Amino acid sequence: MIYRFTGGEGQAGIHSLSDGASLSWKPAPGPQTKGKAKVCCSSALIIPSAPVASSPPPAGQPRNCSRAGWGPERGADISNPLNFGCSTYCRLATPPRRQRAMARVLIVGAGLTGSLCAALLRKAATRPLHLAVWDKAGDSGGRMTTASSPHNPQSTVDLGAQYITCTPHYAKKHQSFYEELLAPGVLKPLTSPIEGMVMKEGDCNFVAPHGVSSIINHYLKESGADVYFRQCVTQINLRNDKWEVLRETGSPEQFDIAVLTMPAPQILQLQGDIVNLISECQRQQLESVSYSSRYALGLFYEAGTKIDVPWAGQYITSNPCIRFISIDNKKRNIESSEIGPSLVIHTTVSFGVTYLEHSTEDVQELIFQQLENILPGLPQPVATKCQKWRHSQVTNAAANSPGQMTLHLKPFLVCGGDGFTQSNFDGCITSALCVLEALKNHI
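To start, this report covers the structure provided alongside it. (Residues numbered from 1 in each chain as written. Predicted model: local features only at pLDDT ≥ 70, side-chain atom pairs only at ≥ 80, totals over all residues. Heavy atoms only, no water.)

When its secondary structure is counted, the protein shows 12 helices and 28 strands. Buried positions account for 49% of the 443 residues belonging to the protein. The long-range share in the protein, meaning contacts at least 24 apart out of those at least 6 apart in sequence, stands at 68%. Carbon and sulfur atoms provide 49% of the accessible area of the protein, an area that totals close to 21900 Å². (Helix = DSSP H or I, 4+ residues; strand = E, 2+ residues; numbered from the N terminus. Buried < 20%, exposed > 50% of the residue type's maximum accessible area, 1.4 Å probe, protein only. Contact = heavy atoms within 4.5 Å. Areas by Shrake-Rupley, 256 points an atom, 1.4 Å probe, with all protein chains shown as cover.)

Here is the structure:
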């Protein structure tokens, strides 16, 4: 059948309808009429060619329409679709919104900034997002990594950050982030004694009972991202308004948005089109970012081993090699007769720089020798884990790029991380929030 709809500026034109088909159009606002037919122009109108579902009401009963301004109609001629009563033989429907296409977002780096970026982007997204997080390591955490004993996964050491210090300023500014982690017990107040700790008035210290990497795992879970480890990114190219990202193993993949949260020197090592997309000014800024270097050695002991010291952690000032020692299970107040103690030793920066290119085996032996001077008679561990931190803590952040650096628009390529703020929990939150601000109108 062919129906013609008219009505001044609300004219919808000519449309062909088969029996039972639906008709949608977008005329001018306000009801338009022709003869007895009333057309509700603020919505799509579906006109069947025969009565639907129920029978018409008996003559004399009103056919009420909930639309304002529509009164009852009686005795409409159902043989003519244009004479149907509104509520009985018209079905009003709002046309479905046109959804924006799903955006593919890649975050390189499964450390604190990367995981928090993923969680914040998911929460702020106004359209479907496919979030992927790639990291070259074998597990999440970055410089907030927690290592497990190969003999007992419950025996762990924090090889990176040991605890989180919150200043009064950030306690207020980042209150929601702290509350989010304190409520489920991801963080709890640090109550164990740390000898040599410098405390400032109003500061609060927190520890992660399940290791600092549990913070990263919390945010990754919140993000719903697909997380892939042992994915070392090598090239980033611009292909058809998308980022084609290459890695050491696996096929290249394309993304609409890319966020790089690895250390600045690793960004500068990337090949492909990104080399020419970084301006000379940005390159100088990235090259100016500097880091301290150090080693961390984790030691795991058998259940029942006693380490008789009055502290859970201690800062060392008189040793050329060792700067900090922590008995991690004691630090977290989770001492158990079924789980052996675990220690972590952090070296001084000067030692880290001096032995940066030496083998971890040689470095481990040197640390053991110095540890014997501090804790003589320490029993032999059942397992060890030596970690080299080439990029430990930022000593000089990128100038004039607070929180993030945008390398390209349409498609977006953004850098974030502590290289644009400072190497602590609040610095990474600041960076993640700046990345979100840069991207929020595009997700």
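Under the criterion given, the structure shown has six aromatic pairs. Between Phe351 and Tyr355, the ring centres sit 4.6 Å apart and the planes meet at 35 degrees, which makes this aromatic pair tilted. Each member of the aromatic cluster is reached from another via a ring pair, and the members are Tyr178, Phe206 and Phe425. (Phe/Tyr/Trp six-rings, centres within 6.5 Å; stacked < 30°, edge-to-face > 60°.)

Moving on: the layout of surface pockets. Taken as a whole, the second largest pocket spans an internal volume of roughly 240 Å³. Residue lining of the second largest pocket: 13 residues in total, with Thr305, Lys306, Asn329, Glu335 and Pro341 positioned closest to the centre. (1 Å grid on protein atoms, 1.4 Å probe; cavity = no way out; pocket = protein on both sides within 12 Å on 5 of 7 lines; lining within 4 Å. Points joined across faces, edges and corners; volume = space filled by probe spheres on them.)

Within the largest apolar cluster, 42 residues are counted, with the highest numbers of intra-cluster contacts made by Leu121, Ile215, Tyr219 and Phe425. Not counting chain neighbours up to four residues away, the residues in contact with Tyr219 comprise Leu112, Ser115, Leu116, Ala119, Phe177, Glu180, Leu181 and Phe425. (Core = buried A, V, L, I, M, F, W, Y, C linked by side-chain atoms within 4.5 Å.)

What follows concerns the side chain of Gln404. Topologically, Gln404 is positioned in strand E27 (residues 404-408). Among the polar contacts listed, one links the side chain of Gln404 to the side chain of Thr406, at a separation of 2.9 Å. Residues contacting Gln404, with those up to four places away along its chain left out, are Val414, Cys415, Phe420, Cys434, Val435 and Ala438. (Polar contact = N/O pair within 3.5 Å; in protein donor to acceptor, adjacent residues only side chain to side chain.)

Bringing the packing of helix H2 (residues 112-124) against helix H5 (residues 213-223) into the picture now. Helix-helix packing is characterised by the crossing angle of the two axes and by the distance between the axes. Contact geometry of H2 with H5 gives a least axis separation of 8 Å together with a crossing angle of 25 degrees. Between H2 and H5, the angle is such that the two are roughly parallel. Two packed elements cross with a definite hand, and for H2 against H5 that hand is left-handed. Residue-level inspection shows Leu112, Ser115, Leu116, Ala118, Ala119 and Arg122 of H2 in contact with H5, the latter providing Ile215, Ile216, Tyr219, Leu220, Glu222 and Ser223. Grouping the constituent residues of the contact of H2 with H5 by class yields eight nonpolar, two polar and two charged. (Axes fitted to C-alpha atoms, helices over the stretch in contact; angles between N-to-C directions. Parallel < 35°, antiparallel > 145°, perpendicular 65-115°, else oblique. Left-handed = near helix turned anticlockwise from the far one by under 90°. Nonpolar A, V, L, I, M, F, W, Y, C, P; charged D, E, K, R; others polar.)

Here we take up unusual backbone geometry. Residue Pro411 is bonded to the preceding Lys410 through a cis peptide linkage, with omega at 0 degrees. Here Pro411 is to be found in the loop between E27 and strand E28 (412-416). At Asn240, a residue that is not glycine, the phi angle is positive and equals roughly 55 degrees. Here Asn240 is to be found in the loop between strand E16 (233-239) and strand E17 (242-247). Positive phi values are uncommon outside glycine, yet Asp241 reaches one of about 60 degrees. For Asp241, the position within the fold is in the loop between E16 and E17.

Inspection of every chain in the model, using the stated rule, returns 12 salt bridges. Its salt-bridge partner being Arg143, residue Asp418 comes within 2.8 Å of it at the nearest N-O pair. Taken as a pair, Asp418 in the loop between E28 and helix H12 (425-439) and Arg143 in the loop between strand E8 (129-135) and strand E9 (146-148) lie far apart in primary sequence, 275 residues in all. Among the ionic pairs, Arg239 bridges to Asp273, the shortest N-O distance being 3.4 Å. Taken together, the positions of Arg239 in strand E16 and Asp273 in the loop between helix H6 (264-268) and helix H7 (274-277) put the pair 34 residues apart, joining distant regions of the chain. Note on Arg239: relative accessible area 34%, which makes it partly exposed. Look at Asp273 and you get partly exposed, because its relative accessible area is 27%. (Salt bridge = Lys/Arg side-chain N within 4 Å of Asp/Glu carboxyl O.)

Turning our eyes to something else, we now look at the pairing of E28. Each regular strand shows side chains that alternate between the opposite faces of the sheet. Along E28, five of the five residues are buried, which leaves the element largely enclosed by surrounding structure. In this sheet, E28 lies alongside strand E19 (residues 257-260) in parallel orientation, the contact comprising four bridges. Note on E28: the bridge partner recorded for Val259 is Val414. Here E27 pairs with E28 via four bridges, running antiparallel. Bridging across to E28, His408 finds its partner in Leu413. Linking two consecutive strands that pair antiparallel, namely E27 and E28, is a turn of three residues; a positive phi of about 50 degrees is found at Lys410 within it. (Pairing = 2+ DSSP bridges.)

The next subject is helix H8 (residues 280-287). Taken residue by residue, H8 has Gln282, Arg283, Gln285 and Leu286 as its buried positions. An end-on view of H8 places all buried positions within 160 degrees of arc, on one side of the element. Those residues of H8 that are exposed and aimed more than 90 degrees away from the buried face are Glu280 and Glu287. Packing partners of the buried residues in H8 comprise H6, H7 and E27. (Arc of directions from axis to C-beta.)

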